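Chain and residue survey
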Amino acid sequence: MSKPKVAFYWAASCGGCEIAVLDIGERILPLSEAVEIVFWPCAIDVKYDEVRAMRDGEIDLCLFNGAIRNSENEEMAKLLRRKSKILVAYGSCAHEGCIPGLANLKTRREILHRNYIEIPSLDNPDGTMPRTRTVVPEGELELPELYDTVLTLDQVVEVDYYVPGCPPVADQTWAVLEAVLEGNLPEKGSVVGAGTKIVCDDCPLEKKETRISGFVRPHEIVPEPGRCLLEQGIYCAGIGTRTGCGALCPSVGMPCRGCYGPPPGVLDQGAKIVSALGSVIDSQDPEEVERIMAQIPCPVGLFYRFSLPHSILRRKTTDDYKD
Amino acid sequence: MKRIGVFVCHCGINIADTVDVKRVAEEASRMPGVVFARDYIYMCSDPGQALVRETISQEKLDGVIIAACSPSLHESTFRAAAQEVGLNPWQVEIANIREQCSWVHTDRKKATDKAIRIVSTMVEKTLLNESLSPIPVRITKRALVIGGGIAGIQAALDIADSGHEVILVEKDSSIGGHMAQLSETFPTLDCSQCILTPKMVAAGKHRNIRLMTYSEVEEVSGYVGNFNVRIRRKAPFVDWSVCTGCGLCMEKCPAKVPSEFDRGLSTHGAIYVPFPQAVPNKPVIDRDSCIYFRTGKCRLCEKVCEIGAIRFEQEDEIIEEEVGAIVAAPGYDTLPVTELKEYGSGEVPDVIDGLAFERLLSASGPTGGEVRRPSDGKVPKEVVFVQCAGSRDPERYKPYCSKICCMYTTKHALLYKHRVHDGQPYIFYIDIRTGGKGYEEFYHRAEQEEGIIYLRGKVAKIFQDGDKTVVWGTDTLSGRNVEIEADLVVLATAVVSRDSTGELVKKLRIQTGPNGFLSEAHPKLRPVESINSGFFIAGAAQGPKDIPETVAQASGAACKVISLFSRDHLEQDPAIAWVDEELCGGCRICVSVCPYDAREFDEERGIATVNEALCEGCGSCVAACACGATQQRNLSDSQIRRMVTASLGGE
Ligand SMILES: Cc1cc2nc3c(=O)[nH]c(=O)nc-3n(C[C@H](O)[C@H](O)[C@H](O)COP(=O)(O)OP(=O)(O)OC[C@H]3O[C@@H](n4cnc5c(N)ncnc54)[C@H](O)[C@@H]3O)c2cc1C
Ligand code: SF4
Ligand code: SF4
């Protein structure tokens, strides 16, 4: 029997997910024994045309990381969907939009204007803007088109499984790979390589049902060791974030940022967390509540850090672009 | 898919005038799951309910939506109707197209569109509704009555007579309240003591009543049917179980304390009973004025007490009790004369308030019932009575009418005339309000037969001039200013809520209105219930009241308690919070937000649980649970999501 064919692809993401795959360590060796890696731009030189030449469904498993930010990302998503039996949204960007998704707080025009005109360190006297087509003496060059809205993988193609995390932890990645190789997979559309509870369930810190009288940023205080960070006023997303990481951050005294996304049944992680925090603010006085909430400078950036494109909010709808 | 029926009510013209009810029914018939939709002129009427019942049976409906008025009006009506024909009541929902639609809109087209959306929102909810059954909760059939005035005494007697135990808690050493201070009572002029003391004795002796005087409620927890109360028994420094009430100690005690009961017109010792007819007739030592407690020397009472009942070492006791219902009857106070600046701030000795005058009139009072003024003990020949002292004065004092003063002032003037035949009473009034059986007749008798001079107008100033107390006022009927050199002035001071009632309501978690009086659940239809179930209210604590009204209300509250106790168990609405144990991650946020202490943490399993008997279904914890493990029955996140989508009119 021939070895299962595996592909890895990297769309709009930081590259951390690629490292996360390598993070499985020496297990990469038995993996490369067991499978045939047919496409992995980061590690092996296989051209897009070679993928196009494959039969539909020829790839057994594709781990696709990164959000859909431009026409190339979308094209590759569609191509790999066609060529793969199992397409996995691997990592938070493909799953929920993640950090690249925060670009949805601006429009494309605002982003381009900021990056190519406003930035003080920029030297662009002619105000040249990126274009999809540029004519040079050698001919016409084509660049992918930057989208106005960052999309998740499942907003473009059908996704079979989701592996959350920014990035997914190595053991979970390995577990998923093993499950796929053994054909031991749950219902289509499931989140795999993660738990079903919230990070608090794995968190070793002690909770005491204290209400919150104000927020501080992690560098502003030395938290009392062993005690729930949220109760000490440090925003921790553990209360609304799926387990899977093993509570890595709070275990070393850093608050959970929420990268494993919403727990099962929750549609909008940010909204749920806001609702929870609103409930435990220790004040009945609207002005004081306002003051406490003002200690959070960018609520969308904080509560939707990983999930904006996938949330009910999705994006900002007004265009504040000014010439 | 469910089989849903939609019933659109016209509410006469209330809805049908603004909303095209036919179109609502027509649109509804196309909504998912809807197999029947019809309009009818009065859905809550007998034929309307019959239509609902018959359709449920014929169409085999398993979901019903009544598009009509607010659920607070008829949700229970229609749920009961559905239950009659075997449909689970929690499969019946109200789409409020009256208060939230027809009453607040005028544009017929837009109102109709909105009504359609409201219906479609409820269709989405109903599609996912579960059948529920009420949660049975046991009842402790013992009542707590707080306040031993006539209100509390009456309520306690009525409940006790029905065979249930009552704990009657009174903060003073004797029950009786203000009524014990009164001389005669309007409009019949029967002596207050003669009608009150038999009731006090009955309450003291009743085998179902446990009197706890000199006690106060410290803390109340729990819920209707199952309250836990902590009661503080203040130390009387006398062993009441052996004290015979002989009074020797009180005779010998050298301390002099102004008597609160006699409004400062007499004194008693540091060891005292407030009045001779007290129930129980046992003394207490007032620690603040006792010479021994202040200086470490005296203990005279101990020496004279033949049976050795004095206990200087006694300490307050905390007693815990379980009760099923609580009646709050903490009564009223009157606005202190010291607060009325234009009337001498309490510094003019012959300006007194109505309760002090009651004491002067009382046969058991400091003067034995002879009217003698405080300054020099002379019998006053000209007495001015001032009504509305601090009432009906929103700028400076109380905005409301104290209700009882018109009548008791007339009573005062009349009784004064009976005692001092050559005396001249004057009454300053704004209006005379005599709304009560026999009250108008009582007033006419005073005005026409007893020579009382009624002056319509307000008193501007009262001050002392030699041995006279001068009253400046206006008579608005003649338009003249009036000056009277009086021997005594009696102020009908405003009836106010006691200061301590504020603390009490916090412990009970019941509500008061803007003037500090206890709030009733509905001003017309639920006058003796608090909005919080299991709490009832009675007497002048709810608002100024005379005795007949107080007694009626107390009996009403008692009747509510008895009807509660007549059930085997209570039924709790099951549309409350529940926890999906598979999802709960143990963050404990729900535990910290529940205002009813219904959320508990199971340390062993590391998850939060809901105490179903305590949960009021407020939804606080549901909103606070970020992991979605806590959900409200029949109002789950997925239902709300679908409802919001439907109400926005789309996908
Ligand atoms: C000058 C005057 C004359 C009046 N004359 C008449 C009349 O002729 N006819 C008539 O019908 N009405 C008359 N009234 C009205 C009458 O006094 C009241 O209607 C009646 O006393 C109300 O009874 P109550 O039990 O509600 O309140 P209260 O008499 O005030 O009794 C309340 C009791 O509760 C106790 N209490 C308070 N707080 C607590 C607590 N936290 N814990 C435990 N115990 C507590 C108090 O010590 C008190 O014993 C007169 C009122 C006044 C001021
Ligand atoms: S110790 Fe003295 S002052 Fe105190 S109550 Fe007894 S007699 Fe009165
Ligand atoms: S719904 Fe309200 S009352 Fe019930 S458990 Fe939650 S917070 Fe408490």
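What you see is a predicted model, and the numbers here were worked out from it, not measured in a lab.

Attention now moves to the overall build of chain B. Helix and strand content of chain B: 17 helices and 34 strands. When the 651 residues of chain B are sorted by exposure, 55% land in the buried category. Relative to all contacts within chain B whose residues are 6 or more apart in sequence, the contacts with residues 24 or more apart total 70%. Total accessible area on chain B is roughly 28300 Å²; 49% of this is exposed by carbon and sulfur atoms.

Right, let's talk about the interface of chain B and chain A for a bit. Contacts between the two partners involve 24 residues from chain B and, on the opposite side, 22 residues from chain A. Buried surface at the junction of chain B and chain A, both sides included, amounts to about 1800 Å², of which 56% is carbon and sulfur. In this structure, the connection of chain B to chain A is made through 2 salt bridges. Across the pair Lys 272 of chain A and Asp 637 of chain B runs a salt bridge whose closest N-O atoms are separated by 2.6 Å. Remark: the boundary between chain B and chain A carries 7 residue pairs in polar contact (both at pLDDT 80 or more).

Residue and element names in this part refer to chain B. In the region of ligand 2, 13 residues are neighbours, and Cys 253, Cys 290, Ile 291, Cys 298 and Cys 301 sit closest. Of all the secondary-structure elements, those providing two or more residues to the shell around ligand 2 are helix 8 (291-295) and helix 9 (300-304). For the shell around ligand 2, a count of residues per class yields 12 nonpolar, no polar and 1 charged.

Here we take up the confidence of the model for chain A. Residues at a pLDDT of 70 or more form 99% of chain A, whose mean pLDDT is 93. Per-element mean pLDDT across chain A ranges from 85 in helix 2 (residues 28-34) of chain A up to 98 in helix 4 (residues 71-83) of chain A.

Turning our attention to the confidence of the model for chain B. In this model, chain B carries a mean pLDDT of 96, and residues with pLDDT of at least 70 account for 100%. Across the predicted assembly, pTM comes out at 0.69 and ipTM at 0.89.

Here we come to the site of ligand 1. All names here are of chain B. In the vicinity of ligand 1 there are 36 residues, among which Glu 170, Tyr 332, Lys 411, Lys 545 and Ile 547 approach most closely. At a separation of 3.1 Å, an oxygen atom of ligand 1 approaches a polar backbone atom of Ile 150. Between Lys 171 and ligand 1, the recorded distance is 3.1 Å, taken from a backbone N or O atom to a nitrogen atom. Bound to the protein, ligand 1 loses 99% of the 1000 Å² it would expose on its own. Looking at the shell around ligand 1, the elements with two or more residues in it are helix 5 (150-161), strand 8 (184-185), strand 19 (332-334), helix 10 (354-361), helix 11 (405-419) and helix 14 (547-565). Tallied by class, residues from the shell around ligand 1 come to 16 nonpolar, 11 polar and 9 charged. Residue contributions to the shell around ligand 1 reach at least three from each of two domains, namely domain 2 (142-330 + 512-565) and domain 3 (332-496).

All right, on to the packing of helix 5 of chain B against helix 6 (residues 192-205) of chain B then. Residue and element names in this part refer to chain B. Where helix 5 contacts helix 6, the two axes come as close as 10 Å, and the packing angle between them is 50°. Classed by the angle they form, the pair helix 5 and helix 6 counts as oblique. Where helix 5 crosses over helix 6, the two elements pack in a sense that is left-handed. Between helix 5, through Ile 150, Ile 153, Gln 154 and Leu 157, and helix 6, the contact on the second element is made entirely by Leu 196, Lys 199, Met 200, Ala 202 and Ala 203. Residues of the contact of helix 5 with helix 6, tallied by class, amount to 7 nonpolar, 1 polar and 1 charged.

So, on to the side chain of Thr 501 of chain B. Residues and elements named next belong to chain B. Locating Thr 501 in the fold gives a position in helix 13 (residues 499-508). Looking at Thr 501, the relative accessible area reads 1%, which means it is buried. For Thr 501, the residues in contact, after removing those within four places along its chain, are Pro 330, Gly 516 and Leu 518.

Residues and elements named next belong to chain B. Most of strand 6 (residues 142-146) is tucked away: 4 of the 5 residues are buried. As paired elements, strand 6 and strand 7 (residues 165-169) share 5 bridges and run parallel to each other. Directly across from Ile 146, in strand 7, lies its bridge partner Val 169. Note that the unit made of strand 6, helix 5 and strand 7 has a crossover that is right-handed. The pairing of strand 6 with strand 18 (residues 325-328) spans 4 bridges and is classified as parallel. The partner of Ile 146 across the bridge, within strand 18, is Ala 328.

For the structure on display, the rule yields 19 aromatic pairs over all chains. Between Tyr 235 of chain A and Phe 303 of chain A, the ring centres sit 5.0 Å apart and the planes meet at 80°, which makes this aromatic pair edge-to-face. In this pair, Tyr 235 of chain A is assigned in the loop between helix 9 (199-202) and helix 10 (248-251) and Phe 303 of chain A in helix 13 (residues 299-303), connecting sequence segments 68 residues apart. Neither residue differs from the other here; Tyr 235 of chain A and Phe 303 of chain A are each classed as buried. Seen in terms of ring centroids, Phe 357 of chain B and Phe 385 of chain B are 5.4 Å apart; in terms of plane orientation they differ by 80°. Their pairing is edge-to-face. Of this pair, Phe 357 of chain B sits in helix 10 while Phe 385 of chain B sits in strand 21 (residues 382-389); the two residues are 28 residues apart in sequence, bridging distant segments of the chain. Here Phe 357 of chain B matches Phe 385 of chain B in class, with each residue buried. Grouped by ring-pair contacts, the aromatic residues Tyr 9, Phe 39, Tyr 48 and Phe 64 of chain A constitute a single cluster. Residue placement shows Arg 299 of chain B over the ring face of Tyr 292 of chain B; its charged tip is 4.6 Å from the ring centre.

The nonpolar side chains of a soluble globular protein tend to be buried, and buried together. Of all hydrophobic cores here, the largest spans 130 residues; its most connected members are Ile 239 and Leu 277 of chain A together with Val 327, Phe 357 and Ile 589 of chain B. By residue number, the principal contributor to this core is helix 5 of chain B, which donates 8 residues. If we ignore the near neighbours within four places in the chain, the residues touching Ile 239 of chain A are Ile 198, Cys 200, Leu 230, Ile 273, Ala 276 and Leu 277 of chain A together with Cys 587, Ile 589, Ala 626 and Cys 627 of chain B. The next biggest cluster of nonpolar side chains, apart from the first, holds 43 residues, and it includes Ala 28, Val 34, Leu 87 and Val 92 of chain B.

To continue, consider the pattern of salt bridges. Pairing between side chains of opposite charge can happen when their charged atoms approach one another. All names here are of chain B. Summed over all chains, the structure comprises 69 salt bridges over all chains. When the shortest N-O distance is used, the salt bridge between Glu 84 and Arg 53 registers 3.9 Å. In this pair, Glu 84 sits in helix 3 (residues 71-84) while Arg 53 sits in helix 2 (residues 46-59), placing the two residues 31 residues apart along the sequence. Glu 84 gets classed as exposed once you look at its relative accessible area, which sits at 58%.

Another point: the sheet that holds strand 18 of chain B. Note: strands within a sheet are paired through backbone hydrogen bonds, in either parallel or antiparallel orientation. Residues and elements named next belong to chain B. Spatial ordering of the open sheet is given by 10-7-6-18-29, a layout of 5 strands whose pairing is parallel. Bordering the open sheet on either side are strand 10 (209-212) and strand 29 (535-537), each of which pairs with just one other strand. Ignoring which end each strand starts from, the neighbouring axes of this sheet average 20° apart. Contacts between helix 5 and the sheet are confined to strand 6, strand 7, strand 10 and strand 18, with strand 7 contributing the most and set at about 165° to the helix.

Looking now at the sheet that holds strand 3 (residues 59-65) of chain A. Residues and elements named next belong to chain A. Taken in spatial order, the 5 strands of this open sheet run 2-1-3-5-9, and their pairing is parallel. Unpaired on one side and paired on the other, strand 2 (36-39) and strand 9 (161-163) mark the two borders of the sheet. In this sheet, neighbouring strand axes are inclined to one another by 30° on average, regardless of whether the strands run parallel or antiparallel. Each of strand 1 (5-10), strand 2, strand 3 and strand 5 (84-90) is contacted by helix 4, which is oriented at about 140° to strand 5, the strand it contacts most. Here helix 8 (residues 170-181) sits on the sheet and contacts strand 3, strand 5 and strand 9; the angle it forms with strand 3, its principal contact strand, is near 160°.

About the thresholds
Residue positions within a chain follow its written sequence, with the count starting from 1. To read the labels, note that chains go from A and ligands from 1, taken in the order they are written. Local features are withheld for residues below a pLDDT of 70 in this predicted model, meaning they are given only at 70 or higher, and side-chain atom pairs are given and counted only at 80 or more; totals for whole chains, interfaces and linings count all residues. Each side-chain value is derived from all of the structure's non-hydrogen atoms; neither hydrogens nor water enter the calculation. Every helix listed is a DSSP run of H or I at least four residues long, and every strand listed is a run of E at least two residues long, numbered separately from the N terminus. For the exposure calls, accessible area comes from a 1.4 Å probe over protein chains only, and a residue counts as buried if that area is under 20% of its type's maximum, exposed if over 50%, partly exposed in between. By definition in these notes, contact holds between two residues if any of their heavy atoms fall within 4.5 Å. Reported accessibility uses the Shrake-Rupley method at a 1.4 Å probe radius. Residues are deemed covered only where the shown protein chains occlude them. Here the quantity called buried area is the accessible surface, traced with a 1.4 Å probe, that two parts lose on coming together, added over both. The rule for a salt bridge is simple: a side-chain nitrogen of Lys or Arg has to be within 4 Å of a carboxyl oxygen of Asp or Glu. Polar contacts here mean pairs of N or O atoms no more than 3.5 Å apart (in protein, one a potential hydrogen donor and the other a potential acceptor; neighbouring residues in sequence count only if both atoms are side-chain atoms). Near is defined per residue: the residue qualifies when any heavy atom it owns lies within 4 Å of the molecule or strand. Under this grouping Gly is polar, as are all residues other than the nonpolar Ala, Val, Leu, Ile, Met, Phe, Trp, Tyr, Cys and Pro and the charged Asp, Glu, Lys and Arg. The pLDDT value tells you how sure the predictor is about a given residue, anywhere from 0 up to 100. For the domains described, the bounds stem from an automatic or database domain assignment. All axes here are fitted lines through C-alpha atoms, helices being fitted over the stretch that makes contact, and every angle between N-to-C directions spans 0 to 180 degrees. We call two directions roughly parallel when the angle between them is under 35 degrees, roughly antiparallel when it is over 145, roughly perpendicular when it lies between 65 and 115, and oblique otherwise. Should the near helix be turned anticlockwise from the far one by less than a right angle, the crossing is left-handed, and should it be turned clockwise, the crossing is right-handed. Strands are labelled as partners when DSSP assigns at least two bridges between them. Handedness of a crossover is defined as follows: with both strands directed away from the viewer, a clockwise route from the first strand across the helix to the second makes it right-handed. Two aromatic rings, drawn from Phe, Tyr or Trp (for Trp, its six-membered ring), form a pair once their centres lie within 6.5 Å of each other, and the interplanar angle then sorts them: stacked below 30 degrees, edge-to-face above 60, tilted otherwise. For a Lys NZ or an Arg CZ to count as sitting over a ring, it must be within 6 Å of the ring centre and within 35 degrees of the ring normal. By convention a nonpolar core is built from buried Ala, Val, Leu, Ile, Met, Phe, Trp, Tyr and Cys residues, the set being connected through side-chain atoms within 4.5 Å.

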